[in-house]
Amino acid sequence: MRVVVAGTPEVAVPTLDALMASEHEVVAVLTRPDAPLGRKRIMTPSPLAARAEALGVPVLKSAKPDEEVIRQLRELGVELGVVVAYGALLTQPVLDAIPHGWVNLHFSALPKWRGAAPLQRAVMAGERTSALTVFQLEAGLDTGPIYKSLPVELDQTKTSGELLDEFAVTGADLVVDVVDGIASAALVSVPQVGEPTHAAKLTRDDGHIDWHREAWLVSSHIRGVTPEPGARALIGEDWLKIHEIADAADAGIELAPGELGIVAKRLFVGTATTPIELLRVQPAGKQAMTAMDWWRGMSTRLAEGDRVTLA
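This structure is a prediction, so every number in the text was calculated from the model and none was measured.

Chemist: Before we move on, could you go through the overall build of the protein chain and cite the residues and values that matter?
Modeler: When you go through the protein chain residue by residue, the secondary structure sums to 8 helices and 17 strands. Based on the C-alpha atoms only, the size of the protein chain along its principal axes is roughly 75 × 45 × 30 Å. Each of the 311 residues in the protein chain was classed as buried or not, and the buried ones make up 48%. Between the centroid of the 29 positive side chains of the protein chain and the centroid of its 40 negative side chains there is a distance of 6 Å.

Shown next, in the form of structure tokens:
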């Protein structure tokens, strides 16, 4: 089957690789235009575009596929579109432009967590299980019928970024299975069943941590917004980014929500229940460092008996 792969970030790359290794023919990649990257704002192709170029696959770049993209897809003889985190909704004319339509790899158990950040929202909510779902795209937001769904465990020690890297590989194999099934006409999609929830795109505000919640929810929130948009807390008027934490029910210290404390050269922060250990942080305007290195710098500016609290 002649396939186009639509995607933008690194999580789309394993699906491209898996389809390239399959019996199907990837005739093009559709991705978003080059974007400025780094301090020098150098225009840089998306990770999927870079991988496609390395493989010699033609790349179509569009922020909002239009008649020109439709013309190109038809000229290429595309039979099926595969979407993994493309970053834009496909209009009905684009959906209708190719014979078998488009399928999408989604990182949740649909209809739960429809939207831009399904895995991140599930981790933030403290959920322990989810699924990888390949479904038929239609005009509604992630509303189409499901071809296949694979249950997965959400490791409570891993960030959403780490889980996405893992599930991108597992999901790529699932996509190939679905494309095989569509090509052979052996696979039929079924409607979604259940109460839908929405996974809105994450913003900077989503990274602000509320220390007045229970420890497991604070931990889940921090892991869910790592690496993007990043977990943050206010200390005075400055933001402190939190890169890495550890659960610390046995810390042997009682702290008020947001209050910092030291035990055996380890830095802890209080929650509504038990403390959490801070392992790696990043003060405003500086590089990431161990939490204790940051604290040693902080402690030189503190007066005797000062109480330090994150807000």
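On we go from here.
Chemist: Describe the sheet that holds strand 9 (residues 129-136), listing the residues and the values that go with them.
Modeler: Strand order across the open sheet formed by 7 strands is 5-2-1-6-7-9-10, with mixed pairing between neighbours. For this open sheet the edge positions go to strand 5 (59-61) and strand 10 (146-153), each flanked by a neighbour on one side alone. The mean inter-strand angle of the sheet, taken between neighbouring strand axes irrespective of direction, is 20°. Direction of pairing for strand 9 relative to strand 10: antiparallel, over a ladder of 7 bridges. In the strand pairing of strand 10, Ser130 is matched with Val152. In the packing of helix 6 (residues 160-183) onto the sheet, the strands contacted are strand 1 (2-7), strand 6 (80-84), strand 7 (102-106), strand 9 and strand 10, and the crossing angle to strand 10 comes to about 155°.

Chemist: Give a description of the pairing of strand 16 (residues 276-283) that names residues and reports values.
Modeler: Here strand 13 (residues 238-247) pairs with strand 16 via 7 bridges, running antiparallel. Residue pairing for strand 16: Ile245 is matched across the bridge by Leu278. As judged from the 3 bridges shared by strand 15 (residues 266-269) and strand 16, these two strands associate in the antiparallel manner. Looking across to strand 16, one finds that Leu267 is bridged to Leu278. Counting the residues in the hairpin turn of strand 15 and strand 16 gives 6 residues.

Chemist: Describe the pattern of salt bridges, listing the residues and the values that go with them.
Modeler: For the coordinates displayed, the defined rule picks out 11 salt bridges. Between Arg121 and Asp206 there is a salt bridge, with the nearest N and O atoms lying 3.3 Å from each other. One end of the pair, Arg121, is in helix 5 (residues 118-124); the other, Asp206, is in the loop between strand 11 (198-199) and helix 7 (215-224), with 85 residues separating them in the sequence. Note on accessibility: Arg121 and Asp206 belong to one class, buried. Taking the shortest distance from any N to any O, the salt bridge between Asp293 and Arg296 comes out at 2.7 Å. Note that Asp293 and Arg296 are positioned in helix 8 (residues 291-299) at a spacing of 3 residues, about one turn of the helix. A single salt-bridge network, built from bridges that share partners, covers Asp34, Glu53 and Lys61.

Chemist: I'd like a description of a negative patch on the surface, backed by residues and values.
Modeler: Taken together, the side chains of Glu10, Asp155, Glu162, Asp165 and Glu244 define an acidic patch exposed on the protein surface. Positionally, Glu244 belongs in strand 13. On the accessibility criterion, Glu244 (40% relative accessible area) is partly exposed.

Chemist: Describe the pairing of strand 13, listing the residues and the values that go with them.
Modeler: Note that strand 12 (residues 231-235) and strand 13 share 5 bridges and pair antiparallel. Bridge pairing links Ile235 to Asp238 in strand 13.

Chemist: Please provide a residue-by-residue account of helix 1 (residues 13-20), values included.
Modeler: Of all the residues in helix 1, the buried ones are Val13, Thr15, Leu16, Ala18 and Leu19. If you follow the buried residues of helix 1, they end up packed against strand 1, strand 2 (25-31), helix 2 (47-55), strand 6, strand 7 and helix 6.

Chemist: I'd like to hear about the packing of aromatic side chains, residue by residue, with values.
Modeler: Inspection of every chain in the model, using the stated rule, returns 1 aromatic pair. One residue, Arg232, lies across the ring of Trp239, its end atom 3.8 Å from the ring centre.

Chemist: Which residues make up unusual backbone geometry, and what are the values?
Modeler: In this chain, Leu110 is followed by Pro111 through a cis amide linkage whose omega measures 15°. Along the chain, Pro111 turns up in the loop between strand 7 and strand 8 (114-115). Following Thr226, the chain continues to Pro227 via a peptide bond in cis, the omega torsion being 10°. Even without being a glycine, Arg41 presents a positive backbone phi close to 55°. You can see Arg41 is positioned in the loop between strand 3 (35-37) and strand 4 (42-44). Of note, the phi angle at Ala185 is positive, near 60°, even though the residue is not glycine.

Quick notes on the rules
Residues numbered from 1 in each chain as written. Predicted model: local features only at pLDDT ≥ 70, side-chain atom pairs only at ≥ 80, totals over all residues. Heavy atoms only, no water. Helix = DSSP H or I, 4+ residues; strand = E, 2+ residues; numbered from the N terminus. Buried < 20%, exposed > 50% of the residue type's maximum accessible area, 1.4 Å probe, protein only. Lys, Arg positive; Asp, Glu negative; His and termini not counted. Charge placed at Lys NZ, Arg CZ, Asp CG, Glu CD. Pairing = 2+ DSSP bridges. Axes fitted to C-alpha atoms, helices over the stretch in contact; angles between N-to-C directions. Contact = heavy atoms within 4.5 Å. Salt bridge = Lys/Arg side-chain N within 4 Å of Asp/Glu carboxyl O. Patch = residues over 30% accessible without salt bridge, like charges linked within 9 Å, V, L, I, M, F, W, Y side chains within 5 Å. Areas by Shrake-Rupley, 256 points an atom, 1.4 Å probe, with all protein chains shown as cover. Phe/Tyr/Trp six-rings, centres within 6.5 Å; stacked < 30°, edge-to-face > 60°. Lys NZ or Arg CZ within 6 Å of the ring centre and 35° of its normal.

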